[in-house]
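These are the residues of each chain, in order.
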Amino acid sequence: MTLFDEPEPAGDEHPLTPTRRRSATGWWVALGALVIAIALGASVMFAQLLPEPVRGWLLPAQGWVAQTLDLPGDWGPVPEPSAGVAALADQMSLTESGREVFFRTEPELVGDEILTLCERGHGGEPGPSPSPSLGGEDEGSAVTLGCYRPSTDRMYLFEPDDERLAGFTVTFAAHELLHAVYGRMSPEQQREVDALVTAEAARIPEGDPVLAQIEASVGGDESRRGNELFAYLGSQVELEGGFTPELESLYAETFADRSALVAVHAASIAVLDGVQADVDAAWSRVAEAETAAGQARAQWNADQSWYDQALARYTSDLAQFEATPEAERGSYVVTFTTFDGERRQTSWEEYLRYRADELDALAADLAAREPAITEQEAQAAELRSQTEALTADANALFAAAFPGSS
């Protein structure tokens, strides 16, 4: 809006065009704006004159005043949020101050178009960049799932299709909101915050995934580190004993329950970890079932092959026995080993009779064992099919969580 009416046009006018006049209301609005500006400036000067402990306590408000005047979205009434954005505000446990900043950025919930909306070339402050971990091919590749654009004071958030991933959007929103809060601080306050979050980041255990996320978002631009640390620590990290009172107090300006917010993030990560653990465990069961079935089948095949060889030998011995004159058969003594490993010596006829009984018993055993082995193989195949479906679902979940990655 303008504080004054436009000046009257020079030159010829259409006779039906009414003459413009300055509005008395416009003068009062201008005067009111001037008074407010003077009051705000005085409050900043007053804060500078206070003792250091008190001035430090006032820094969040001072930074707010110094920066808000430069952001287009901070003028006028707070935009009415969509139902989805309002729900996110509740899930983030936002304070009134946090809700106002969040709603003024007019967050937009989008799908895979987040990949183009949040390209660095588009002026966004990249949001959380978790890395896909299922499949392994893209391990460590960053995927930007949200961004805040300081130039327009706008926020874009990825909203996965799979409701199991809803918690991630809460984390993305909190992360981007902290970028917006950081952007509203004065340069002096940003430097103080940078020092606070740098000291706290040094306490994060080595190997914690958030460290890799931070480096991916910083992207080699050290001027971004304080901003990213402020966003990541506030939305995802809760160290034993908490952060310093100064930093926790600053986060409390935005979040009424930061512990609950961090718990949402932990639960979201647990969803992916749980799915991957289920897939890993399922494939272990498949391996065990297929190994057991394979070993049973291999043993059966070996026994069948041995039976075939023994039967062929018996058939040859029987043919030789029958070809021998009956008067001569009794003169032969046969030494042999039973199927159980016992060494025996009998007449030729007795040997053939004993071997025939052994072969009949082995054939019956093979026939009895095969259906169970076939069922075992079918169960292993079914378990594989179920696990393949579980893996496909897991892949779909990870693809939904990390658009653009394989």
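So, a few notes on the structure that sits alongside this text. (Residues numbered from 1 in each chain as written. Predicted model: local features only at pLDDT ≥ 70, side-chain atom pairs only at ≥ 80, totals over all residues. Heavy atoms only, no water.)

This paragraph deals with the packing of aromatic side chains. Applying the stated criterion across every chain yields a total of 11 aromatic pairs. Measuring from ring centre to ring centre gives 5.2 Å for Phe321 and Trp348, while their planes differ by 80 degrees; the resulting arrangement is edge-to-face. Taken together, the residues span a long stretch of sequence, with Phe321 in helix H11 (residues 258-323) and Trp348 in helix H13 (residues 348-401) at a distance of 27 residues. Just as Phe321 is buried, Trp348 falls in that class too. Note that Arg297 overlies the ring of Trp300, its terminal NZ or CZ placed 5.4 Å from the centroid. (Phe/Tyr/Trp six-rings, centres within 6.5 Å; stacked < 30°, edge-to-face > 60°. Helix = DSSP H or I, 4+ residues; strand = E, 2+ residues; numbered from the N terminus. Buried < 20%, exposed > 50% of the residue type's maximum accessible area, 1.4 Å probe, protein only. Lys NZ or Arg CZ within 6 Å of the ring centre and 35° of its normal.)

Attention shifts here to the nonpolar core. Counting residues in each nonpolar core, the largest one holds 59 residues, and the members touching the most others are Met92, Phe102, Leu177, Val197, Phe230, Leu233 and Tyr251. With residues up to four places along the chain from it excluded, the contact list for Val197 reads Gly226, Leu229, Phe230, Leu233, Leu247 and Tyr251. Within the second largest apolar cluster, 15 residues are counted, among which are Val334, Ala356, Leu359 and Leu362. (Core = buried A, V, L, I, M, F, W, Y, C linked by side-chain atoms within 4.5 Å. Contact = heavy atoms within 4.5 Å.)

Turning our attention to the pattern of salt bridges. Following the criterion strictly, the structure yields 22 salt bridges and no others. The partner of Asp393 in a salt bridge is Arg164, with the nearest N and O atoms 3.2 Å apart. Of this pair, Asp393 sits in helix H13 while Arg164 sits in the loop between strand S4 (154-158) and helix H6 (166-183), placing them 229 residues apart in sequence. Overlapping salt bridges bring together Asp162, Arg164 and Asp393 as one network. (Salt bridge = Lys/Arg side-chain N within 4 Å of Asp/Glu carboxyl O.)

Our next topic: the environment of Thr169. The topology assignment puts Thr169 in helix H6. The class for Thr169 is buried, based on a relative accessible area of 5%. Sequence spacing of Thr169 and Val264 is 95 residues, and the spatial spacing of their C-alpha atoms is 9.9 Å. With sequence-adjacent residues up to four places away left out, Thr169 is seen in contact with Leu88, Leu109, Phe158, Glu159 and Pro160. At 3.2 Å, the side chain of Thr169 forms a polar contact with the backbone oxygen of Phe158. (Polar contact = N/O pair within 3.5 Å; in protein donor to acceptor, adjacent residues only side chain to side chain.)

Geometric values such as these leave the question of function open.
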